[in-house]
Amino acid sequence: MSAEKQVVVGADFAGFPLKSAVADHLRERGWEVVDITPSDENLPMYHRVGFRLGAELAEGNFAKALAFCGTGMGIHIAASKVPHVHAAVAESVPAALRAAAANNANLLAMGAFYIGAPLGMAMADAFLEAELGSGYENWPGFYEYHHIGYLECENFDYEAYKANNFEVVDPMEATLGDQPIGLAY
Ligand SMILES: O=P(O)(O)OC[C@H]1O[C@@H](O)[C@H](O)[C@@H]1O
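Residues numbered from 1 in each chain as written. Predicted model: local features only at pLDDT ≥ 70, side-chain atom pairs only at ≥ 80, totals over all residues. Heavy atoms only, no water.

Looking up the protein chain in an unreviewed UniProt entry gives the name Ribose 5-phosphate isomerase B, with the organism given as Schaalia radingae. Quoted straight from UniProt, the Sequence similarities (unreviewed entry) entry for the protein chain says "Belongs to the LacAB/RpiB family." (UniProt positions renumbered as here; feature names shortened; annotations may be inferred.)

Here it is as structure tokens:
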């Protein structure tokens, strides 16, 4: 969980009502929610909201962001163009949790065309309250294996990768142990 319980949120016109419901919910749970789209007048296009949310992460102003548009797809693609953004789209609570626990995602996008307010609130809680490895403590190597995935994404340099014959430069190694019996995703 973010130590300071701060999160930045933003929406286009399609995601605005869902964003407002989720933001109100988070504030009731003690989060400081900074909304880059507080009014439904003159809302930026979805991808520009994604760029701006990504910038808040890249600049170190926030550890996590929530993005809302019609499906979550466009805003997540745009945010992913910003350095240091690890963006996910989810349509279920387990997927939102897994984005944080396995992928160390720092931005969760959701789509108001498909997600009702109660589900959006629960997805936001799951995503914000988890960190890399949360819930998988009994799976040997889970953290190490996924940490490598995170680091190699974070440090990915396409030109260096291309120059290395499309192989990761200095790949790290970790063994993912057997999945514990009964682990539910
Ligand atoms: O990425 P998705 O939501 O599919 O499309 C981007 C936006 O285009 C419009 O339909 C809506 O504003 C939607 O949020």
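1. A closer look at a nonpolar patch on the surface
On the surface, a cluster of nonpolar side chains totalling about 320 Å² of accessible area is made up of Phe 156, Tyr 158 and Phe 166. By relative accessible area, Phe 166 is classed as partly exposed at 44%. (Patch = residues over 30% accessible without salt bridge, like charges linked within 9 Å, V, L, I, M, F, W, Y side chains within 5 Å. Areas by Shrake-Rupley, 256 points an atom, 1.4 Å probe, with all protein chains shown as cover. Salt bridge = Lys/Arg side-chain N within 4 Å of Asp/Glu carboxyl O. Buried < 20%, exposed > 50% of the residue type's maximum accessible area, 1.4 Å probe, protein only.)

2. Describing unusual backbone geometry
In the Ramachandran plot, Asn 165 falls in the positive-phi region, its phi being about 60 degrees despite a non-glycine side chain. Tracing the chain through its elements places Asn 165 in the segment after α7 (158–163). Since its relative accessible area comes to 63%, Asn 165 is described here as exposed. Unlike most non-glycine residues, Asp 170 shows phi in positive territory, near 50 degrees. Looking at the secondary structure, you find Asp 170 in the segment after α7. Look at Asp 170 and you get exposed, because its relative accessible area is 67%. (Helix = DSSP H or I, 4+ residues; strand = E, 2+ residues; numbered from the N terminus.)

3. Details of the sheet that holds strand β2 (residues 32–35)
Read from one edge to the other, the open sheet built from 5 strands follows the order β2-β1-β3-β5-β4, with strand pairing classed as parallel. If you trace the sheet from one side to the other, it starts and ends with β2 and β4 (87–89), each paired once. On average, each strand axis in the sheet is tilted by 25 degrees relative to the strand beside it, whichever way the strands run. As paired strands, strand β1 (residues 6–11) and strand β3 (residues 65–69) are joined by 4 bridges and run parallel to one another. Of the residues in β3, the one forming a bridge with Ala 11 is Phe 68. Its contacts with the sheet put helix α2 (residues 46–58) on β1, β3 and β5 (107–111), and the angle it makes with β1 is roughly 165 degrees. (Pairing = 2+ DSSP bridges. Axes fitted to C-alpha atoms, helices over the stretch in contact; angles between N-to-C directions. Contact = heavy atoms within 4.5 Å.)

4. What to know about the confidence of the model for the protein chain
In the predicted model, the protein chain carries a mean pLDDT of 96, and 98% of its residues have values of at least 70. For this predicted complex, the interface confidence reaches an ipTM of 0.91, while the overall pTM sits at 0.95. (pLDDT = per-residue confidence, 0-100.)

5. A few points about the packing of helix α1 (residues 16–28) against helix α5 (residues 117–129)
Direction vectors running N to C along α1 and α5 enclose 55 degrees, while the axes themselves pass 9 Å from each other. In terms of orientation, α1 and α5 fall into the oblique class. Here α1 runs over α5; the crossing is right-handed. Here α1 contributes Leu 18, Ala 21, Val 22, His 25 and Leu 26 to the contact with α5, which in turn contributes Ala 117, Gly 120, Met 121, Ala 124, Asp 125 and Leu 128. Partitioned by chemical class, the residues of the contact of α1 with α5 number 8 nonpolar, 2 polar and 1 charged. (Parallel < 35°, antiparallel > 145°, perpendicular 65-115°, else oblique. Left-handed = near helix turned anticlockwise from the far one by under 90°. Nonpolar A, V, L, I, M, F, W, Y, C, P; charged D, E, K, R; others polar.)

6. Considering α2
With 13 residues, α2 should reach 18 Å at 1.5 Å per residue; the first-to-last C-alpha distance of 18 Å fits that figure. The complete set of buried residues in α2 reads Val 49, Gly 50, Leu 53, Gly 54, Glu 56 and Leu 57. The buried residues of α2 occupy an angular sector of 155 degrees when projected down its axis, which confines them to one face. Looking at the buried positions of α2, the neighbouring elements they touch are β1, β3, α3 (73–79) and β5. Directly after α2, the chain includes Gly 60, whose backbone phi takes a positive value near 80 degrees. (Expected span 1.5 Å × (residues − 1). Arc of directions from axis to C-beta.)

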